[in-house]
Amino acid sequence: MFCVKAPVLLSRTPGADTPGRWLLSSRIRLRRSSAQRTEQRRDEASSSTSTSSSSRTRAANGISVDFDLTREAYKSKDSLELLRSLVVFKLCSYDILVDKNTEIMDLGKKILGQRAFNQFMKMTFYGQFVAGEDHRSIRPLIQKNQAFGVGSVLDYSVEEDISQEEADSCESAAEKESIGEHHGEEKQKEHQQLEERRRGGVTAAGTHSDSSEAKCDRHMETFIKCIKASGGNSMDGFSAIKMTALGRPQFLLQLSEVLVKWQRFFSFLASQQGKDGVDALNQRLELNQLQESLTKLGAKGDFCGWFTDGKEETSGTIDVLDWNSLIDDRTKTSDLLVVPNVQRGELEPLLEKFTTEEEAQMKRMLQRMDILAEHALENGVRLMVDAEQTYLQPAISRVTLEMQRIYNRDKPVIFNTYQCYLKEAYDNVSMDVELSRREGWHFAAKLVRGAYMYQERERAEEFGYEDPIHPDYESTNITYHRCLDYVLDEIAINRNANVMVASHNEDTVKHTIHRMNELGLVPTENKVYFGQLLGMCDQISFPLGQAGFPVYKYVPYGPVSEVMPYLSRRAQENRGFMKGVQKERGLLWKELKRRLSSGELLYRPTY
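Rules used in this analysis
- Residues numbered from 1 in each chain as written.
- Predicted model: local features only at pLDDT ≥ 70, side-chain atom pairs only at ≥ 80, totals over all residues.
- Heavy atoms only, no water.
- Helix = DSSP H or I, 4+ residues; strand = E, 2+ residues; numbered from the N terminus.
- Buried < 20%, exposed > 50% of the residue type's maximum accessible area, 1.4 Å probe, protein only.
- Contact = heavy atoms within 4.5 Å.
- Areas by Shrake-Rupley, 256 points an atom, 1.4 Å probe, with all protein chains shown as cover.
- pLDDT = per-residue confidence, 0-100.
- Axes fitted to C-alpha atoms, helices over the stretch in contact; angles between N-to-C directions.
- Parallel < 35°, antiparallel > 145°, perpendicular 65-115°, else oblique.
- Nonpolar A, V, L, I, M, F, W, Y, C, P; charged D, E, K, R; others polar.
- Core = buried A, V, L, I, M, F, W, Y, C linked by side-chain atoms within 4.5 Å.
- Expected span 1.5 Å × (residues − 1).
- Polar contact = N/O pair within 3.5 Å; in protein donor to acceptor, adjacent residues only side chain to side chain.
- Phe/Tyr/Trp six-rings, centres within 6.5 Å; stacked < 30°, edge-to-face > 60°.
- Right-handed = clockwise from strand over helix to strand, strands pointing away.
- Pairing = 2+ DSSP bridges.

### Observations regarding the overall build of the protein
In terms of helices and strands, the protein carries 26 helices and twelve strands. Residues counted as buried form 57% of the 607 residues belonging to the protein. Pairs at least 24 apart in sequence give 80% of the contacts found in the protein among residues at least 6 apart. A total accessible area of about 26400 Å² is found for the protein, and carbon and sulfur atoms account for 51% of it.

This is how it looks when you write it as structure tokens:
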């Protein structure tokens, strides 16, 4: 867990220092710079690059891409592959097949048997969206795509999640609670029962056994093979990793609870100072008012002195990054952060103490992350950390951020993923960009619209908390472009950020190219990348690659049985997209007809 560099008034009495310093104990401590110095550097960078930027703009203004040329878009595909795409896209447009996909697949296994079912999937859905079963079998596809200007983000698509019981507890405790909210005796009793169930669920599932640890180690070895395969096939490859495959998701759940509550405590204090409705990065707390608020809550001590740290000249305010810095120190996991309970007038721990075994398990998960990052550096590969469910994502993002602070000092190695269908996406992006400015490391992001929309909305409705997802596609689109423009502006000013535009939306791709032309960002700088899923939107990916843009296919692989959850989720999240791919289906038909009329129906790509 991340633990607090806490002032006395907001912490329990810490125990003696022990070997529990598990994340950055042997790493150089990063010192924060003031916001004023950051702005000064920003102004200097803008001034120093103005002349070269204008020349880059002249060079970039002529770049354009035509997404309607079917011969160029599908030159890497034979006619059977085009026909398969048409069939799969059509089937994915039927709601009943998407809604009942799990039941249909289970029925198919019973009727056909496992072996015949696997073969059928390889001829259809699996063959369309998944590259193969292991790192060896996917190599021909990677090499073929690269020959036609498209790189690969290798993704071993094994997904882990917490149990339903644990997720239920999380949503009740973390989503429905808020600082200052009134809880009656019945609610308190219900909360205690849920917490007991959550902890009991951990025991019922068995202590994270040696076999589970061995499974995580096997996943790590698979990711290492993935990294080596990516490095062996290109000089600038990506490898995707899932945090939940490297350790028990329950740990990420517990850490997420800490981070969410600590963030809500800041929002609560900001609301006390009339800062509601302001972007998170622009919320600044007056230290004097902060001291008064905490004193009223029953806290004792000089909280202001903790932030001023003996400095004679200070701005008298703090922002959310200053606030979050209080959990930057790594101390013993059981010395957890606490927040005031407004009704009870006392300080409460955010979480129960970790056991020694639990702390050891978390330490092993972080060690696996370090090993993967080192292998990525050795093989010249960048790591793309996938986003997951909202009740796990705060912890995943925080751990990823800590890895970026270490490994992104000289170049972008670790990429975080931001889901723009989340209402808080812009705040997350802007805060992380600002933190990278202050500390001097490379911000690196993959922007996606989102991967768990239906699951998140159903859970929000079931537990009665506010839906974390934007209400409609247009709102998500606005947030996506807002986040994208923010990062593109940062690239233009400081040349110290990187972004992958992971989108199947042609308008978003065109918007990105237009903004790159405006800002003088040329493709050869490798600051802006494009990404699409394997099996989708070839009419976007391949023309981009042939025009010189860095573009990548997200290439999932894994055994058929273990990739089924991935395919099921993709079917759910892309149902709206699949219904709207009339243009792609039209282009596929157009290319098939062109080949038929020109005698090229038996065309085979050469490379």
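So much for the structure itself; the text now carries on.
### Considerations on the confidence of the model for the protein
Should pLDDT be low for a region, the predicted coordinates there are not to be read in detail. Summary statistics for the protein give a mean pLDDT of 77 and a share of 71% for residues scoring 70 or more. In the predicted structure, residues 329–337 sits below a pLDDT of 50 and forms 41 contacts with residues beyond four places in sequence or in another chain.

### A closer look at the packing of helix H13 (residues 249–272) against helix H18 (residues 393–407)
Their axes nearest at 7 Å, the elements H13 and H18 cross at an angle of 90°. Considering the angle they form, H13 stands roughly perpendicular to H18. Of the residues in H18, those in contact with Leu252, Leu255, Ser256, Leu259 and Val260 of H13 are Gln393, Pro394, Ala395, Ile396, Arg398 and Val399. Per-class residue counts for the contact of H13 with H18 are eight nonpolar, two polar and one charged.

### Quick word on the nonpolar core
In terms of nonpolar packing, the biggest core is built from 58 residues, with Val429, Leu447, Phe530 and Leu544 touching the most fellow members. Ranked by the residues each element gives to this core, the list is headed by helix H21 (residues 473–494), at eight residues. Aside from chain neighbours lying at most four places away, what touches Leu544 is Val65, Phe67, Val509, Ile513, Phe530, Phe549 and Val551.

### Quick word on helix H22 (residues 506–519)
Over its 14 residues, H22 runs 20 Å from end to end, which matches the ideal 20 Å to within 8%, given 1.5 Å per residue. Of the positions making up H22, those classed as buried are Glu506, Thr508, Val509, Thr512, Ile513, Arg515, Met516, Asn517 and Leu519. Looking at where H22 begins, the residue whose side-chain oxygen comes 2.8 Å from the main-chain nitrogen of Asp507 is Asn505. Gly520, located one to two residues past H22, shows a positive phi value of around 75°.

### Structural notes on the packing of aromatic side chains
Tallying each qualifying case throughout the model produces nine aromatic pairs. Centroid distance Phe238 to Tyr529: 5.5 Å. Interplanar angle 85°. Geometry classified as edge-to-face. Separated by 291 residues along the polypeptide, Phe238 in strand E2 (residues 238–241) and Tyr529 in strand E11 (residues 528–533) bring together distant segments of the chain. Each member of the pair, Phe238 together with Tyr529, is buried. Arranged with centres 6.1 Å apart and planes meeting at 70°, the rings of Tyr529 and Tyr552 form a pair that is edge-to-face. Note that Tyr529 is positioned in strand E11 and Tyr552 in strand E12 (residues 551–557), a separation of 23 residues in sequence. Connected via pairs of aromatic rings, a cluster forms that spans Phe238, Phe415, Tyr529 and Tyr552.

### With respect to the packing of H13 against helix H14 (residues 287–296)
One can describe the packing of H13 onto H14 by two numbers: an axis separation of 10 Å at closest approach and a directional angle of 110°. Classed by the angle they form, the pair H13 and H14 counts as roughly perpendicular. Seen from H13, the contacting residues are Phe265, Leu269 and Gln272; seen from H14, they are Leu290, Ser293 and Leu294. Class assignment of the residues belonging to the contact of H13 with H14 gives a composition of four nonpolar, two polar and no charged.

### Here's the deal with the pairing of strand E8 (residues 414–419)
Among the six residues in E8, six count as buried, and that is most of the element. Residues of E8 alternate between two faces, with Ile414, Asn416 and Tyr418 on one and Phe415, Thr417 and Gln419 on the opposite face, all of them buried. Once you follow strand E7 (residues 382–385) into H18 and on to E8, the crossover reads as right-handed. As defined by bridge partners, E8 adjoins strand E9 (residues 443–448) across four bridges and the pair is classed as parallel. Of the residues in E9, the one forming a bridge with Gln419 is Val448. In this region the chain leaves E8, passes through helix H19 (residues 425–439) and returns to the parallel neighbour E9; the handedness of that crossover is right-handed.

### With respect to the sheet that holds E7
Here eight strands make up a closed barrel; going around it, the order is E1-E2-E7-E8-E9-E10-E11-E12 and the pairing parallel. Strand-to-strand, the axes of this sheet are offset by a mean angle of 30°, without reference to chain direction. In this sheet, E11 lies alongside strand E10 (residues 497–502) in parallel orientation, the contact comprising four bridges. Its bridge partner lying in E11, Val499 is registered against Val528.

### Points about the pairing of E12
The element E12 is largely enclosed, with a buried count of seven among its seven residues. Neither face of E12 is open: one carries Val551, Lys553, Val555 and Tyr557, the other Tyr552, Tyr554 and Pro556, and all of them are buried. With six bridges joining them, strand E1 (residues 151–156) and E12 adopt parallel strand pairing. Within E12, the residue paired with Ser152 across the bridge is Lys553. Note that E11 and E12 share four bridges and pair parallel. Bridge pairing links Gln532 to Lys553 in E12. In this fold, the crossover linking E11 to E12 by way of helix H23 (residues 538–546) has right-handed handedness.

### Considerations on the side chain of Ser430
Relative to the helices and strands, Ser430 is located in helix H19. There is a polar contact of 3.1 Å between the side chain of Ser430 and the backbone oxygen of Asp427. Excluding anything up to four places from it in sequence, Ser430 contacts Leu281 and Tyr486.

### A look at helix H4 (residues 79–92)
Given a rise of 1.5 Å per residue, 14 residues ought to cover 20 Å, and the 20 Å separating the end C-alpha atoms of H4 matches this to within 8%. Burial in H4 covers these residues: Ser79, Glu81, Leu82, Ser85, Leu86, Val88, Phe89 and Cys92. At the N-terminal boundary of H4, the capping side chain belongs to Asp78, with an oxygen 3.1 Å from the backbone nitrogen of Leu80.

### Comments concerning the environment of His470
Checked against the element boundaries, His470 lands in the loop between helix H20 (453–463) and H21. Accessibility expressed as a relative area gives 11% for His470, which makes it buried. Setting aside its immediate chain neighbours within four residues, His470 contacts Cys420, Tyr421, Leu422, Lys423, Arg457, Ser475, Thr476 and Thr479. Polar side-chain contacts of His470 include one of 2.8 Å to the side chain of Thr479.

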